[in-house]
Every structure is written in structure tokens, then in C-alpha cells.
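So the chains spell out like this:
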Amino acid sequence: MTPHLEPLTSQWLPRVIAIENAGQQHPWSCAQLQDAFEDERAALWGAFEDNDLVGYAVVYRLPFEAELQAITVDPRVRRRGIARALLGVVIAEAVRWGSERLLLEVRATNQAARTLYEQQGFSVDARRRGYYASGQALKAGQREDALLMSRCLATADGS
């Protein structure tokens, strides 16, 4: 089943919070999510199956680029192409904005997300060593690396 994608309004905040808490080891706070809905630079997109919000993405418009800040799918419906569909609509949004590149950051150990991003044309630009705290890593006194990735959206001829 292909999810139905549409922009989200703040009425979806409670469901976004529920998806975030279920789907992320280190979820955004309610305040961070509320701020995203209120920020005019942000666009939030939702993926729906049978009128139920099952995933969402947050992308911010920057002066020359766009940045994917979050993409989360309800764990009960993963592996159905929902994140791929959300990433596609985020890329299309960034292109509509005229962004030159789409940026993102991902945990180095999140192989599923890294694979998706690489399949969609993203490449690793840099590594932030010890950027993320991790439940297991904290017990060992270690931290997890972040990978900074990007995808060029504009071609040399400006299209």
C-alpha cells in the first residue's frame, strides 16, 4: 500500500508525539515538536494509511539549503516504503524552495536509514565523532558518531 502524503498542521501534534516516542530511542521533546509546527521555515509532512498518521518528516528551509531534521515511522508499519515516500516528498519540497542541497544528520549505526539515504543519492560529507549519547554507549562511557550527509538538488545548468 502506498501511503497518502500531505502537509501536517498542528492538529496532528499529539499523534506526531506518539509516533516520535514509539519510533525513536532519543525522541524530540513535545516542545521541540511544537516549535517545528510554529516555525515558518519548517514544513511537516505526514504519511497516512487508512486515514491514520503512520509517519512524518520535518524539513527546514535555510537560505541556500534545506535540512531534514526528523523522519520517523511508527514501528508497527516499518519496512513498507513509508520513510522512502516521506523522503521523496521532502526532496520535492526542497526543490520547490529552490534549495541547492538537502542536508541531514544520522547516527553512524543507523544502517537502515543510511542505506535509504544512499539509495536516494545522499553521500557522507563529514563525521562528528562522539556526537550522540547512546543508552548502551553511556554505560560504557562512550558516545556515538553522527554522519553529515547531503544531496545536491541543483544541476550545473540551474535546473
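Residues numbered from 1 in each chain as written. Predicted model: local features only at pLDDT ≥ 70, side-chain atom pairs only at ≥ 80, totals over all residues. Heavy atoms only, no water.

Novice: Any chance you could explain the pattern of salt bridges here in plain terms?
Specialist: As a working rule, side chains carrying opposite charge can pair if their charged atoms are close by. The tally for this structure, following the rule as stated, stands at 12 salt bridges. With a shortest N-O distance of 2.7 Å, Arg80 and Glu49 are connected by a salt bridge. Here Glu49 lies in strand S2 (residues 42-49) and Arg80 lies in the loop between strand S4 (65-73) and helix H3 (82-97), a separation of 31 residues in the sequence. By relative accessible area, Arg80 is classed as partly exposed at 46%. Among the salt bridges present, the one from Glu144 reaches Arg107, with a minimum N-O distance of 2.9 Å. (Salt bridge = Lys/Arg side-chain N within 4 Å of Asp/Glu carboxyl O. Helix = DSSP H or I, 4+ residues; strand = E, 2+ residues; numbered from the N terminus. Buried < 20%, exposed > 50% of the residue type's maximum accessible area, 1.4 Å probe, protein only.)

Novice: Help me understand helix H4 (residues 111-119), please; the structure alone is not making it clear to me.
Specialist: Every α-helix winds through 3.6 residues per turn, so residues three or four apart in the chain are directed the same way. What H4 keeps buried is the set Ala113, Arg114, Leu116 and Tyr117. Buried residues of H4, seen end-on, are gathered within an arc of 160° and therefore sit on one face of the element. H4 presents Ala112 and Gln119 as exposed residues on the side facing more than 90 degrees away from its buried surface. Against S4, H3, strand S5 (101-107) and strand S7 (143-152) lie the buried residues of H4. Residue Gly121 follows H4 closely and has a positive phi angle near 90°. (Arc of directions from axis to C-beta. Contact = heavy atoms within 4.5 Å.)

Novice: Hey, could you run me through the side chain of Asp74 in this one?
Specialist: Looking at where Asp74 falls in the secondary structure, it is placed in the loop between S4 and H3. We classify Asp74 as buried; its relative accessible area is 4%. Reaching out from Asp74, the side chain makes a polar contact with the side chain of Arg76 at a distance of 2.6 Å. Residues in contact with Asp74, not counting those within four places in the same chain, are Arg15, Ile19 and Val54. (Polar contact = N/O pair within 3.5 Å; in protein donor to acceptor, adjacent residues only side chain to side chain.)

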